[in-house]
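Summary of structural features
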Amino acid sequence: MKTVTMYHTSTCPYCVQAEQLLKRHGVAQITKINIEADDALRSQMQTRTGRRTVPQIFIEDLHVGGFDDLSVLAQQKQLPALLLGAQ
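Residues numbered from 1 in each chain as written. Predicted model: local features only at pLDDT ≥ 70, side-chain atom pairs only at ≥ 80, totals over all residues. Heavy atoms only, no water.

Short version of the rule: UniProt positions are given in the numbering used here, feature names are shortened, and annotations may be inferred rather than shown by experiment.
The chain is annotated in an unreviewed UniProt entry as Glutaredoxin of Leeia aquatica. UniProt, in the comment section headed Sequence similarities (unreviewed entry), describes the chain in these words: "Belongs to the glutaredoxin family." Taken verbatim from the UniProt record of the chain, the Function (unreviewed entry) comment is "Has a glutathione-disulfide oxidoreductase activity in the presence of NADPH and glutathione reductase. Reduces low molecular weight disulfides and proteins."

1. Quick look at the overall build of the chain
Convention followed: In DSSP terms, a helix is any run of H or I states spanning at least four residues, a strand is any run of E spanning at least two, and both are numbered starting from the N terminus. Radius of gyration here is computed from C-alpha atoms only, and the compact-globule reference equals 2.2 Å multiplied by the residue count raised to the power 0.38. In this scheme, a residue with accessible area under 20% of its type's maximum is buried, one over 50% is exposed, and one in between is partly exposed, where area comes from a 1.4 Å probe on protein chains only.
Within the chain one finds four helices and four strands. Ordered by position in the sequence, the α and β elements of the chain form the string β-α-β-α-β-β-α-α. Compactness check: the chain gives a C-alpha radius of gyration of 12 Å against a globular reference of 12 Å for 87 residues, within 12% of the reference. When its C-alpha atoms are laid out on the principal axes, the chain stretches across 35 × 20 × 20 Å. For the chain, the proportion of its 87 residues judged to be buried stands at 39%.

2. Overview of helix α2 (residues 39-49)
This is how it is decided: Throughout this description, a polar contact denotes any pair of N or O atoms lying within 3.5 Å of each other; where both atoms belong to protein, one of them has to be capable of donating a hydrogen while the other can accept it, and for residues adjacent in sequence the pair is counted only when both atoms sit in side chains.
Regarding α2, its N-cap is D38, as a side-chain oxygen of that residue lies 3.0 Å from the backbone nitrogen of A40 further along. A positive backbone phi angle near 75° is found at G50, which sits one or two residues after α2.

3. Thoughts on the pattern of salt bridges
The cut-off we apply is this: Criterion for a salt bridge: a side-chain nitrogen of Lys or Arg within 4 Å of a carboxyl oxygen of Asp or Glu.
The final tally for this structure, using the stated rule, is three salt bridges. With a closest N to O distance of 3.5 Å, E19 and K23 form a salt bridge. Of this pair, E19 and K23 are both found in helix α1 (residues 13-24), four residues apart, which corresponds to roughly one turn of the helix. Residue D69 pairs with R51 through a salt bridge whose shortest N-O separation is 2.8 Å. Of this pair, D69 sits in helix α3 (residues 67-75) while R51 sits in the loop between α2 and β3 (56-59), and the two are 18 residues apart along the sequence. In this structure D69 comes out as partly exposed when scored by relative accessible area, which is 29%.

4. Concerning the pairing of strand β4 (residues 62-65)
Applied cut-off: Two strands are counted as paired when DSSP detects at least two bridges linking them.
Across three bridges, the pairing between β3 and β4 is antiparallel. Within β4, the residue paired with I57 across the bridge is G65. Here β3 folds back onto β4 in antiparallel fashion, the turn holding two residues, of which E60 has a positive phi close to 55°.

5. What about the packing of aromatic side chains?
Defined as follows: Two rings belonging to Phe, Tyr or Trp (six-membered ring only in the last case) form a pair when the distance between their centres is within 6.5 Å. Interplanar angles under 30 degrees mark stacking, angles over 60 mark edge-to-face geometry, and anything in between is tilted. Charges are assigned to positions over rings by a cutoff of 6 Å between ring centre and Lys NZ or Arg CZ, combined with an angular limit of 35 degrees from the ring normal.
One pass over the full model with this rule turns up two aromatic pairs. For the ring pair Y7 and F58, a centre distance of 6.2 Å and an interplane angle of 65° mean the geometry is edge-to-face. Here Y7, found in strand β1 (residues 4-8), pairs with F58, found in strand β3; they are 51 residues apart in sequence, far enough to count as distant. A relative accessible area of 0% means that Y7 is categorised as buried. Measuring from centroid to centroid gives 6.1 Å for Y14 and F67, while their planes differ by 35°, and the two rings are tilted. Here Y14 is found in helix α1, whereas its partner F67 is found in helix α3, with 53 residues between them in sequence. On the accessibility criterion, Y14 (46% relative accessible area) is partly exposed. Taking relative accessible area as the criterion, F67 reaches 17% and is therefore assigned buried. Its guanidinium or amino end placed over the ring of F58, R48 lies 3.8 Å from that ring's centre, counting from NZ or CZ.

Right under this line is the structure:
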């Protein structure tokens with residue numbers, strides 16, 4: 001299983017949903033980066049993704065996007081391959 005990193009805030013319902021979706025797909029460990037009170041981390045996220053909203057999810061170094069993007073990958077049955085490295 002590849003490593004998953006997620007930029008998040010503690011009050012974000014989409015972050016919770018993204019974490020639940022990843023866990024349903026067998027992800028046991030998510031490196032979570034809370035940007036809520038850290039402008040440097042928020043800036044880092046924006047630089048890496050070009051986006052300002054959370055969650056922002058990476059599988060290894062691949063930016064998969066936010067919750068909606070992750071959900072589409074799951075619906076299209078592409079998420080397991082990304083997580084296992086079959087692509």
